[in-house]
Amino acid sequence: MSYDMRHVLACMLDGGTLDEFQPDVAREMLCGHAHIEGWPVAVIANQRGVIKGAPGERPRFGGIVYTGSAEKVAYFIETAGRERLPILFVQDVSGFMVGPEAEQSGIIRAGARFVEAMATAVVPKIVLTVNHASGAGYYAMAGQGFDPDFLFSWPTGRMGVMEGEAAVSAVHGPELERAQREGRAPSAEVQEAVGAMRADYEEQLDAKYAAARGFVDAVLTPEETRDQLAFTLRVSANYAGPHIGPFVLPPLHAAHQS
């Protein structure tokens, strides 16, 4: 369902205020400066819903990364790096736009710049998954494969290469379409395989499945999110960077001695 990501951010940010970066450009991606319990942070978030385009442009689908949004975010990440600001990625992303029109607009080049800017940023990266985190968009938004410093999810988070229905369509689509054209039910073997695949995806996309295997650091409730994000920003304030490997806090006795 459509919702306004600004309303979500308003519950986390001091005064509910996000000083947006290029707010009229690529509105399916929100970028801006904010504070959480007084700590400065650069915020990058996916906007959901249907986004009205400029005159003569088609509407855009929020949660999908287009050429313009990839370029906007890449530039903002570089800006945050120059400002030495930690970056908070709020994920509800379904992936990059595909197709001839997207390719002709330069999505591959822009997407590569987005991923490169994120991967080479030497400031702390904090990730919060609130809903979808799918495909290459998940990785571009500082997904687990790029070892962000802190990786959280709400219970509604779903992380994977694709959703179950997309996987079913990719693997069994031709047979399902053939059965529909012929006005018959798919074979028992196909129906069994489709059911098993859907069940596997429902289990493995769940945030609890990811947390149990260390793919996320914690599953947070919305009510505790602001406090936990403030904690990570306090930790990040003592961060020299760049981040290589696990973010390891000093032992308690060493911290006391210092």
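All values derive from a computational prediction rather than experimental measurement.

Caption draft 1: Molecular detail of the packing of helix 2 (residues 67–82) against helix 4 (residues 107–120). Interhelical geometry of helix 2 versus helix 4 gives an angle of 25° and a closest axis separation of 8 Å. Taken together, helix 2 and helix 4 sit at an angle that is classed as roughly parallel. Once helix 2 is placed against helix 4, the crossing between them reads as left-handed. Of the residues in helix 4, those touching helix 2 at Thr67, Ala70, Glu71, Val73, Ala74, Tyr75, Ile77 and Glu78 are Ile107, Arg109, Ala110, Gly111, Arg113, Phe114, Ala117 and Met118. Class assignment of the residues belonging to the contact of helix 2 with helix 4 gives a composition of 10 nonpolar, 2 polar and 4 charged.

Caption draft 2: Inspection of the packing of aromatic side chains at higher detail. Scanning the model with the defined rule gives 6 aromatic pairs in all. Where Phe21 meets Phe76, the ring centres are 5.2 Å apart and the plane angle is 40°; that geometry is what we call tilted. Of this pair, Phe21 sits in the loop between strand 1 (19–20) and strand 2 (29–36) while Phe76 is found in helix 2, placing the two residues 55 residues apart along the sequence. Phe21 gets classed as buried once you look at its relative accessible area, which sits at 16%. Residue classification places Phe76 among the buried residues on the basis of a relative accessible area of 0%. Measuring from ring centre to ring centre gives 6.5 Å for Tyr139 and Phe146, while their planes differ by 65°; the resulting arrangement is edge-to-face. Ring-pair connections join several aromatic residues into one group, and the members of that group are Phe21, Tyr75 and Phe76. One cation-aromatic arrangement involves Arg60 over Tyr66; the distance from NZ or CZ to the ring centre is 5.0 Å.

Caption draft 3: Looking closely at the confidence of the model for the chain. In the predicted model, the chain carries a mean pLDDT of 85, and the fraction of residues at 70 or more is 88%. Across the chain, element-level confidence peaks in strand 2 with a mean pLDDT of 97 and bottoms out in helix 10 (residues 252–257) with 49.

Caption draft 4: Representation of helix 2 in the model. Taking 1.5 Å of rise per residue, the 16 residues of helix 2 would be expected to cover 22 Å, and the 23 Å separating its terminal C-alpha atoms lies within 8% of that figure. Buried within helix 2 we find Thr67, Ser69, Ala70, Lys72, Val73, Ala74, Phe76, Ile77, Thr79 and Ala80. Just beyond helix 2, the residue with positive phi is Arg84, at close to 60°.

Caption draft 5: Up close: helix 4. Between its first and last C-alpha, helix 4 extends 20 Å over 14 residues, near the 20 Å set by a 1.5 Å rise per residue. Within helix 4, burial applies to Ile107, Ala110, Gly111, Phe114, Ala117 and Met118. Seen from one end, helix 4 has its buried residues packed into an arc of 125°, which puts them on one side. Facing away from the buried side of helix 4 by more than 90 degrees, the exposed set consists of Ile108, Arg109, Glu116 and Thr120.

Each value, and the rule that gives it
- Residues numbered from 1 in each chain as written.
- Predicted model: local features only at pLDDT ≥ 70, side-chain atom pairs only at ≥ 80, totals over all residues.
- Heavy atoms only, no water.
- Axes fitted to C-alpha atoms, helices over the stretch in contact; angles between N-to-C directions.
- Helix = DSSP H or I, 4+ residues; strand = E, 2+ residues; numbered from the N terminus.
- Parallel < 35°, antiparallel > 145°, perpendicular 65-115°, else oblique.
- Left-handed = near helix turned anticlockwise from the far one by under 90°.
- Contact = heavy atoms within 4.5 Å.
- Nonpolar A, V, L, I, M, F, W, Y, C, P; charged D, E, K, R; others polar.
- Phe/Tyr/Trp six-rings, centres within 6.5 Å; stacked < 30°, edge-to-face > 60°.
- Buried < 20%, exposed > 50% of the residue type's maximum accessible area, 1.4 Å probe, protein only.
- Lys NZ or Arg CZ within 6 Å of the ring centre and 35° of its normal.
- pLDDT = per-residue confidence, 0-100.
- Expected span 1.5 Å × (residues − 1).
- Arc of directions from axis to C-beta.

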